[in-house]
Protein chains: 2
Amino acid sequence: MIKVGIVGYGNLGKGVEIAVNAAEDMELLGIFTRRQPEQLDTKSPAYQIEDILDFKDKIDVLILCGGSQSDIPVQAPRLAENFNTVDAYDNHDKIPEYFDQMDQLAKENSHVSVIATGWDPGLFSLNRLLAETILPQGQTYTFWGRGVSQGHSDAVRRVDGVKAAIQYTVPNQAMLEAAKAGDPIDYQQATAHSREVYAVLEEGADPDQVAEAIKTMPDYFAPYDQVDVHFISQEELDQNHQGIPHGGEVVRQGQTSPDHHAVYNFALQLGSNPEFTGAVNTCYARAAYRLAKEEQFGAKTVFDIAPAYLSAKTGAQLRHDLL
Amino acid sequence: MIKVGIVGYGNLGKGVEIAVNAAEDMELLGIFTRRQPEQLDTKSPAYQIEDILDFKDKIDVLILCGGSQSDIPVQAPRLAENFNTVDAYDNHDKIPEYFDQMDQLAKENSHVSVIATGWDPGLFSLNRLLAETILPQGQTYTFWGRGVSQGHSDAVRRVDGVKAAIQYTVPNQAMLEAAKAGDPIDYQQATAHSREVYAVLEEGADPDQVAEAIKTMPDYFAPYDQVDVHFISQEELDQNHQGIPHGGEVVRQGQTSPDHHAVYNFALQLGSNPEFTGAVNTCYARAAYRLAKEEQFGAKTVFDIAPAYLSAKTGAQLRHDLL
C-alpha cells in the first residue's frame with residue numbers, strides 16, 4: 001500500500017481525499033491542516049501541519065493541496081526536504097524557476113517532487129507537447145471552459161459593492177468548432193473567450209457602477225470583448241452556482257504534408273474541477289512513489305513520467321487490456 | 001543527428017520518409033526494400049533489404065513499415081538483434097506475446113525496440129490508459145472513422161465479381177455525440193459503426209449477388225446492422241477515393257464522485273492515415289534513440305516512454321513553452 005498524506009483541506013484536498021480512498025493500492029495516512037484538525041469535516045485522520053515531521057518515515061508521498069499564490073511556494077520547498085511530493089502549482093510563468101528550485105532540493109534529499117500536475121498545467125500540457133511534436137507544422141489552440149475561474153471570481157468579489165460572486169469562463173463555441181473542423185480561425189484573447197459574471201450586490205450598491213468596475217478591470221476583464229454581468233440574489237447564487245465545473249479543449253491543426261491536414265483534439269468536461277484535479281494528482285502520487293523506489297530522484301513534470309507509472313496495473317495487464 | 005533507416009516503402013514508409021525529412025535532428029540514411037531500389041519513386045537513398053547489415057553501425061534507429069500480418073513478425077525479431085527498432089505492429093491480440101519476444105531479443109542484444117506505435121495502437125492506447133487510470137469509475141468507448149480500413153477494403157476485393165473497392169468505417173455519429181455529452185449509450189458492435197463500400201464490378205458480375213456476398217461476410221461485415229454497398233465506375237473510384245483518411249475518438253465517461261461526472265475525450269481527424277502514423281513513429285524513433293543512449297534496453301510501448309523523449313526540445317524549453 002502506498003501511504004499518502006494530504007496537505008491542505010480546501011476543495012482540492014477534498015478531491016484528493018476521494019481519489020486516494022478509491023485507490024485500492026493507497027492508504028490515506030492523514031490530512032495536515034493549519035486549522036484545528038477536529039474542525040475538519042472528514043472521517044480521515046487529521047493533524048496539525050506543525051506535526052508533519054512526525055510522519056517523515058511513515059508517509060510515502062505528500063500531495064500538496066494549497067494555493068499556488070502563497071502556499072505552495074513556501075510549503076513545497078520545505079516539505080521536499082523530508083518527503084516525496086506532488087503539487088498542482090499552476091503559476092505558468094514561474095514554473096521554470098520553481099522546477100529548478102524543487103529539482104535541486106529533491107535531488108539533495110533523495111526525493112521525488114512531481115510539480116504542476118492536474119489538467120492545465122498537466123494533461124493539457126501533455127497534449128500540447130504530443131500534438132506539437134507529432135505535427136511540427138501547425139498551430140495549437142487552448143480553449144477553457146465553460147467553467148468557474150477562481151481567480152476571476154475572487155477579483156469580482158474584491159469590487160466595491162459586491163457581496164458575493166462567481167465568474168464563468170466561456171469559450172467562443174463557434175471558433176472552437178471551426179478549429180476542430182480544421183477551418184482557419186483568428187484566435188485572439190479578446191474573442192476566443194467571453195466572461196460571464198453572477199454577482200450579489202451589497203445593499204445600496206449601484207449596479208451600473210459595479211458592472212462598469214468589473215468590465216474595465218485590467219487583465220481580468222478589460223481585454224475581453226464580451227463580459228456579461230448578471231446581478232442575482234444571494235438565494236439564487238446559493239441555489240444555482242455552488243458547483244465548480246470546468247474543462248476545455250486543446251486543438252492542434254497540423255499538416256502531415258502539404259496535401260494532408262490533421263486535427264488533434266483533447267477535451268475535458270468536468271462536473272467538479274477540484275475532484276478531477278485531485279484524481280490526476282493522485283495518479284501522479286503513485287508515479288512519484290514508484291520513481292522514488294527506483295531512485296529516480298528530482299523534480300518531474302507530466303513530461304518526464306511514462307504513462308505506465310500512473311496506473312496500478314502491471315505492464316503486462318496494460319498491454320493486454322489497453323494497447 | 002539521429003540516423004534513421006526505413007524498412008519497407010509502402011504508404012507507411014512514405015509517411016515516415018516525409019516526417020524524418022522534416023525533423024531537424026534526423027537524417028534519413030536509407031530506405032530498405034525487397035524491390036529493386038532504383039525502382040522506388042523517391043529521392044532518398046534506397047538499398048536492398050539484404051544489404052541492411054552493412055548499415056549496422058551507421059543507423060541509430062530502424063523504422064519498420066511492413067505489414068503486421070506477415071512482414072513485422074518475421075523482420076522485427078531478426079532486425080532487433082542488430083538495430084534499435086520502431087514498429088506499428090497492430091495485431092492487438094498478439095501484442096503481449098510479441099512484446100515478450102522483442103523484449104528478450106532487445107535486451108540480449110542491448111537494443112531498444114518500440115513496438116505497436118501509431119495512433120491505434122498508440123495514441124489511442126495512451127489515452128485509454130490515462131482516462132481509465134484517472135477515472136477508475138467509468139466506461140471507455142473507442143470510435144473509429146470516418147476512414148479507410150485497409151483490411152476491410154482487401155476483404156471486399158477478394159469477393160468474386162469485384163474488380164476494385166474501398167471500404168470506409170463510419171462511426172455512429174449520434175452515439176458518439178451522446179457519449180461525449182455524457183449521456184448513457186448502448187455501445188454494441190452492430191450499431192456503433194456502419195460500413196460503407198464503394199466497389200467496381202467485373203464485367204458481367206451480378207450486383208445483387210456481389211452485394212449479398214459482401215454483407216454476409218463473417219467477421220468483416222455480417223456483424224454490422226448497416227452495410228452500404230455502392231457500385232461505381234473505375235473512373236469514379238480513381239477520382240474520388242484515392243485518399244487514405246482516418247481518425248476516431250476515445251471517450252471515457254467517468255465519475256469523480258457519486259455527484260460529479262467527467263467526460264474525457266481524445267479525437268483525431270487525419271487527412272492521411274499513413275502520414276500521421278509515420279509522424280508518430282518518427283517521434284518514437286527519437287525516443288528509441290535516446291533510451292538506447294541511456295542504456296534503457298528492451299521492448300517499450302507508448303505506455304513506457306515519458307512524453308519528453310518524443311520531442312527534440314530540451315526539458316527546460318518544454319517547461320517554458322508548453323507546461
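Residues numbered from 1 in each chain as written. Chains lettered and ligands numbered in written order. Predicted model: local features only at pLDDT ≥ 70, side-chain atom pairs only at ≥ 80, totals over all residues. Heavy atoms only, no water.

Another aspect to go through is the interface of chain B and chain A. Contacts between chain B and chain A engage 58 residues on the former and 58 residues on the latter. Across the chain B to chain A interface the summed buried area is about 5100 Å²; carbon plus sulfur atoms make up 66%. The residue Glu132(A) makes a salt bridge to Lys313(B) at a minimum N-O spacing of 3.1 Å. At the boundary of chain B and chain A, one finds 26 residue pairs in polar contact (both at pLDDT 80 or more). Listing elements by their share of the side of chain B that touches chain A, those giving two or more residues are helix H3 (95–108), helix H4 (123–134), strand E12 (246–257), strand E13 (260–270), helix H10 (273–293) and helix H11 (315–322) of chain B. (Contact = heavy atoms within 4.5 Å. Buried area = accessible area lost by both parts, 1.4 Å probe. Salt bridge = Lys/Arg side-chain N within 4 Å of Asp/Glu carboxyl O. Polar contact = N/O pair within 3.5 Å; in protein donor to acceptor, adjacent residues only side chain to side chain. Helix = DSSP H or I, 4+ residues; strand = E, 2+ residues; numbered from the N terminus.)

The two copies are related by a screw motion: chain B maps onto chain A through a turn of 180° and a shift of 0.0 Å along the axis, at an RMSD of 0.0 Å. Both copies of the chain, as the preceding transformation shows, are related through a two-fold rotation axis. Of the C-alpha atoms belonging to chain B, the one lying closest to the rotation axis is found on Ala306(B), 1.9 Å away. Here 100% of the interface residues in chain B have copies in chain A that are interface residues too; the copies meet face to matching face. (Least-squares fit on C-alpha atoms with pLDDT ≥ 70 in both.)

All names here are of chain A. A full pass over the atoms with the stated rule returns 18 salt bridges over all chains. Across the pair Arg 128 and Asp 120 runs a salt bridge, and its minimum N-O distance is 2.8 Å. Across the pair, Asp 120 and Arg 128 agree in class, each one buried. (Buried < 20%, exposed > 50% of the residue type's maximum accessible area, 1.4 Å probe, protein only.)

What follows is about unusual backbone geometry. Residue and element names in this part refer to chain A. Residue Pro 121 follows Asp 120 across a cis peptide bond; omega there is 5°. Tracing the chain through its elements places Pro 121 in the loop between strand E6 (112–114) and helix H4 (123–134). The linkage connecting Gly 145 with the following residue, Arg 146, adopts the cis geometry, with an omega of -5°. Mapped onto the elements, Arg 146 comes out in the loop between strand E7 (138–144) and strand E8 (147–148). With phi around 55°, Ser 110 is a residue other than glycine that occupies positive phi space. Residue classification places Ser 110 among the partly exposed residues on the basis of a relative accessible area of 38%.

Take the sheet that holds strand E11 (residues 227–231) of chain A next. Residue and element names in this part refer to chain A. The 4 strands lie next to each other as E8-E9-E10-E11, forming an open sheet whose pairing is mixed. Looking at which strands have only one partner, the edges of the open sheet turn out to be E8 and E11. Pairing between E8 and strand E9 (residues 162–171): 2 bridges, direction antiparallel. Paired with Val 148 across the bridge in E9 is Tyr 168. Contacts from helix H8 (residues 207–215) reach E9, strand E10 (193–201) and E11, with the element oriented near 145° to E11. (Pairing = 2+ DSSP bridges. Axes fitted to C-alpha atoms, helices over the stretch in contact; angles between N-to-C directions.)

Okay, the sheet that holds strand E9 (residues 162–171) of chain B next. Residues and elements named next belong to chain B. With respect to topology, 4 strands assemble into an open sheet ordered E8-E9-E10-E11, the strand pairing being mixed. On the outer flanks of this sheet lie strand E8 (147–148) and strand E11 (227–231), each paired with one strand and no other. One ladder, built from 9 bridges, connects E9 with strand E10 (residues 193–201); its direction is antiparallel. The partner of Ala 165 across the bridge, within E10, is Ala 199.

Residue and element names in this part refer to chain A. The domain boundaries assigned to chain A delineate domain 1 (1–118 + 272–316) and domain 2 (121–270). One C-alpha centre belongs to domain 1, the other to domain 2, and the line joining them spans 28 Å. Between domain 1 and domain 2, the residue contacts involve 16 residues of the former and 12 residues of the latter. Approximately 1100 Å² of surface area, both sides summed, lies buried where domain 1 meets domain 2, with 73% of it carried by carbon and sulfur atoms. When the area that domain 1 buries against domain 2 is broken down by residue, the three leading residues are Asn 273, Phe 276 and Phe 303, summing to 42%. Taken together, the links from domain 1 to domain 2 amount to 3 residue pairs in polar contact (both at pLDDT 80 or more). Of all the elements, helix H10 (residues 273–293) adds the most residues to the side of domain 1 that touches domain 2, at 5 residues. Looking at the side of domain 1 that touches domain 2 residue by residue, the class counts come to 9 nonpolar, 6 polar and 1 charged. (Domains from an automatic or database assignment. Nonpolar A, V, L, I, M, F, W, Y, C, P; charged D, E, K, R; others polar.)

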